[in-house]
Structures are given as C-alpha cells and as structure tokens.
Amino acid sequence: MANQTSKSESGGQPTPESIAHADIVPKVWLSCGLAALAGLLFGMDIGVISGAIGFIVKEFHVSSFVEGWIVSSMMVGATIGALGAGWVSKTLGRKKALLLSSLLFLIGALVAVIAHSVTVLVVGRIVLGLAVGVASFTAPLYLSEVTPERIRGTTISFYQLMVTVGILAAFISDAAFSYIESWRWMFGVLVIPAALLFFGALAVPNSPRWLAAKDRFDEARDVLSKLRSTSGEVDYEMGEIREALELEGEAKGFQMFRHNPNFRRSVFLGVALQLVQQFTGMNVIMYYAPKIFQLSGFDGTSASLWATVVTGLTNVLATFIAIVFIDRLGRKPILYAGFFIMAVSMAVLSFILHIGADSTVLQYTAMGAVLVFVVGFAMSAGPLIWTLCAEIQPIQGRDFGIGASTGANWIGNYCVGQFFPVMLAGIGGPWTFGILALVNALFIVFVLKFVPETKGISLEKIEKNLLSGKPLKQIGV
Ligand code: BGC
C-alpha cells in the first residue's frame, strides 16, 4: 500500500479527462508481454502442423482420415480447453489459469516429441489443444482487465500480432527442420516459449477485476495501485468496478445467462463475432495455402513453401495496421474496410479460377489476391474480434461469455479445417471462393446492424449500457 500513499498528491479529483492523460506504468507492459507470450504459443500451435504433417504421414503410414484427425484433434482439445477455461479462470484466477496453460503446453509438446504411435501423438495434440484453449481464453481477458482503457484495443491487437508471429515462427522452424526431416524437433521448440510463459506467469500480478469479483477489494486496490500512475486513476476505476458489481446483483456466469436476457445478448454477440471471424475463411489460407497456390498454377514444393512463408509474413506485417489505428479510428471503420477487402479479393480469386490461371500474370494475380485477403483479415477481423469479445461482457459473466465465444472460435476453426477440402472437391474452387466472397460481403451488414463501437469507453460503461437494454450496436455510445 506504500505505493498508494506516494501517489495521493498526484491524485486530486479524478475526471475521465485527467485519467485519459495519465502515464502507463511499466508493470502494465510486463503483463502485456506475458499475455503476448500466450499469443505466440497460440500461433505456433496453429502453424506447426502444416509443415510437420507430411513427415508424420511418412513415418506412420496413416490414411487421409487419420491424417485429418491428427490435424483436427488439436482443435477438439482447444474447444474443450476454451469452454473449461471460464471455470478455471473464474475459480483460480487469470494468473493461475495462465500457469496451468503453460504446464499443459510443456506436457503436450513433450508427449508429441516422444510419441512412437499415432495414439500417443494425438494425445499430445489434444493436450496442446487444451493448453491453447485455456491460453486463447485467458490472455485477452487478462489484458482487457489490467490495461487502462485508452490502450486496451492496442494491447489486444498486440496479442494478435504475437499470434501471427507464432504462426510465422512455426512456418520458418518447420522449413528449417524439414532439411533433417524431423517433425519431432518441430514440436520440441514449443518447449522454449512454454517455459517462458510459466516463469512469466509467476511474475505478473492477479487481475484487479477478478479480485474484486471475489470480494477481495483491498487486494484489488493494491494491485490496481501498482498498475496505474495516479491514485486518481485507482479511485476512479475502483469506483467503476464496485458500481458494475452492484448493478449485476447476485447471479453470475451460467445463472446470469439463464436469468438475464441482456447478458444473453452479449453472449450471442460474442459467439457470432467469433464464428464470423472463422467463416471469413482465414484458416483455409493458413492450413491450405500450398494447396491453393497449386490450384492457382504454382507447382513444386519449394514454390508453395515460399508462398506459405510470404503469407505468414504478410499476416504479421498487416496486423500493425490494426495496432496503429484501432484506438484512433475505432473498431467499426476498420472492420468495414477489412471485410470489403476480403470480399473483393475472394471474388477475384474465384474469377481467376473460373477462367483458368493459365498465364504467369494470372498466377501472380491469384497469389496477390490471397495476400490481399490476408491483409484484409490481419488488419481487421484478426485482432478486432478478440478485442471486442473481451470488451462486451459484463464483469460477473465475463468468464462465461468469453468462454462461450472462444469455444465458438475453435468450433468454427474445426469446421473450416474439416469442410474446406470437402467443398473444394464437391463444388470446385470458383464456387468455394465465390461463396467466401459473398459471406464476407454479408459480414459488412452484420457489423452495421449489431456491432458496437467500443473505442475509448470503459468496460463498466459498456456493461451499464448493455444491462440497461440499449441495442447492441449502441452499447459503446
Ligand atoms: C484466429 C486464428 C487464425 C489467426 C491467423 C486468429 O485471430 O483466431 O484462427 O489462425 O488469427 O492470424
């Protein structure tokens, strides 16, 4: 509490304006760094399989059904992990949930490394999935609860940046280990960030909002005073948290979902947002980029390998657009632009596949369309959906609400991974990508009708609007 006394002179009467200009203390950045590490692991887990699967198939001589199961077992684990993470992070707290996730990462990676049968490998993938499910739930939630509102969007976008860096790192590490044909090493490298996450989680503070929801107000205040630069900010936020907790009454989590129709609206919005994110088709590109490049006329393993790395790099770089603009322009303008870009690029790809990519110019245009699509996703739906999902849930139902939306993310992810090849084989490339173009265009209408603008507004204000029955698209006003 010593911290707090020394801050009282700079306190005075807190106003939203004075708070908006207060400094960001280093401890906030430490917490962001830790959550970012969870994002890195999330991305590495998604990216590692694309390069490893070929060697796994070669070693175990598995059928294409089993091959699909080795890939998708991780998503099954992640769905279970995300749905269970709400309970874990509510009961044990965000910090312990991150610790648990790092341990699961370590165990999953080690089991995969030593797997000498497909069954053991699948067990390792499921444990890795559980880890990524818990991490993908907890990290954005933790970030939304420890960062001041004026940098909240930026920090959650930074988390998404680390997801993309993780995917790229896995693509590159896969390529490097492919020279010695070792898929075990590809999984082995996961141990390093997992260990860092474990030690990092030991060092960061608990979430003040979780402590307050557990009636531990003194500790909440103590932690908040280490995360804010003036006592004015601490007083203001503690006041908002108390008010939010009182407004919500006794019902929490699932009980709140059953009894509170306004909370049900935010849960459905979160689930819909994550399904929208997955049905943009981004993971079609992440998992099947080499296949798409081959369809567009590029042949040979090295050509598609390089194209895949370029895709991963584009994904990383375009995420910076969101980081720079999310808290300046707001969420909705960026989402409109992103869905528009994705719709147009998919329509172009569909058209090229329809007329047949038989010239070099058309092949490169097709590749350009894929890269432009990745830019559209990375600057918008990638970071923004995670941000919005962490922002729209009221405090007492936050774990339940974000658990549901993160679970929806992984179910959508599973469906896309599983059904894209089936669609491609059934109705062909032009129709498959044509449908994706249409779906992305429809998402513009979805944003217009249902998505709120949450830029620069406190979580407590958003929930006050939600619980008072304002239409969803106005809860950020
Ligand atoms: C999505 C993942 C996707 C990744 C690509 C994330 O926001 O949830 O499914 O693979 O972005 O960068």
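Each chain carries its own residue numbering, running from 1 in the direction its sequence is written. The predicted origin of the model limits local features to residues at a pLDDT of at least 70 and limits the giving and counting of side-chain atom pairs to 80 or more, whereas totals for whole chains, interfaces and linings rest on all residues. Excluding hydrogens and water, the side-chain values take into account all heavy atoms of the structure.

Enquirer: Honestly, the overall build of the chain in this entry has me stumped. Any pointers?
Expert: Put simply, DSSP marks the helices as runs of H or I at least four residues long and the strands as runs of E at least two long, and each gets a number from the N terminus on. Scanning the chain from N- to C-terminus turns up 22 helices and zero strands. Reported as C-alpha extents along the three principal axes, the dimensions of the chain are approximately 70 × 45 × 40 Å. For the chain, buried positions account for 59% of its 477 residues. The criterion used for residue contact is that any of the two residues' heavy atoms lie within 4.5 Å. Nonlocal contacts in the chain, meaning residues at least 24 apart in sequence, comprise 83% of its contacts between residues at least 6 apart. For every accessible area listed, the method is Shrake-Rupley and the probe measures 1.4 Å; residues are considered covered only by the protein chains on display. Within the structure as shown, the chain displays about 18,200 Å² of accessible surface, and the carbon and sulfur contribution to it stands at 70%. Taking the average place of the 33 positive charges on the side chains of the chain and the average place of its 30 negative ones, the gap between the two points comes to 4 Å. Exposure categories follow from relative accessible area, calculated using a 1.4 Å probe and restricted to protein chains: below 20% of the type maximum is buried, above 50% is exposed, and the middle band is partly exposed. Under the convention used here, Asp and Glu are negative, Lys and Arg are positive, and both His and the chain ends fall outside the count. For charged residues, the charge sits on one atom: NZ in Lys, CZ in Arg, CG in Asp, CD in Glu.

Enquirer: Mind showing me how you'd approach the side chain of Asn440 here?
Expert: In this fold, Asn440 is placed in helix H21 (residues 429-450). Excluding residues that lie within four positions of it along the chain, Asn440 makes contacts with Thr280, Phe339, Met342, Ala343 and Phe373.

Enquirer: Which parts of the structure should I look at to understand the nonpolar core?
Expert: For soluble globular proteins, the rule of thumb is that nonpolar side chains tend to be buried together. Grouping buried Ala, Val, Leu, Ile, Met, Phe, Trp, Tyr and Cys residues that are joined through side-chain atoms within 4.5 Å yields what is termed a nonpolar core. Among the nonpolar cores identified, the biggest contains 148 residues, and Trp183, Phe187 and Phe433 are the most heavily contacted of them. The element best represented in this core is helix H3 (residues 26-60), accounting for 19 residues. The contact partners of Trp183, leaving out residues within four places of it in the chain, are Ala52, Phe55, Ile56, Glu59, Phe60, Ala112, Ala115 and Leu121. Leu161, Leu168, Val309 and Ile323 belong to the second-largest nonpolar core, a separate cluster that totals five residues.

Enquirer: Just to check I follow, could you spell out the pattern of salt bridges for this structure?
Expert: When their charged atoms lie close together, side chains carrying opposite charge are able to pair. We count a salt bridge whenever a side-chain nitrogen from Lys or Arg sits within 4 Å of a carboxyl oxygen from Asp or Glu. For the structure shown, the criterion picks out 11 salt bridges. Linking Arg209 and Glu237 is a salt bridge whose minimum nitrogen-to-oxygen distance equals 3.1 Å. Of this pair, Arg209 sits in helix H10 (residues 208-213) while Glu237 is found in helix H12 (residues 231-248), placing the two residues 28 residues apart along the sequence. Grouping residues by exposure puts Arg209 and Glu237 together as buried. Asp235 is paired through a salt bridge with Arg221; the nearest N and O atoms lie 2.4 Å apart.

Enquirer: Whenever I open this one, the site of the ligand confuses me. Can you help?
Expert: The nearness test applies per residue and asks whether one of its heavy atoms lies within 4 Å of the molecule or strand. The immediate surroundings of the ligand are formed by 13 residues, with Gln160, Gln277, Asn283, Asn315 and Trp386 found nearest. Here an oxygen atom of the ligand sits 2.8 Å away from a polar atom, N or O, in the side chain of Gln160. Separating an oxygen atom of the ligand from a side-chain N or O atom of Asn315 is a distance of 3.0 Å. For the ligand, whose free accessible area comes to 310 Å², the fraction covered by protein is 100%. Elements with a contribution of two residues or more to the shell around the ligand: helix H7 (149-178), helix H14 (261-279), helix H19 (381-391) and helix H20 (398-427). By the criterion applied in these results, polar contacts are pairs of N or O atoms within 3.5 Å in which, for protein atoms, one can donate a hydrogen and the other can accept it, and in which residues neighboring in sequence qualify only through two side-chain atoms.

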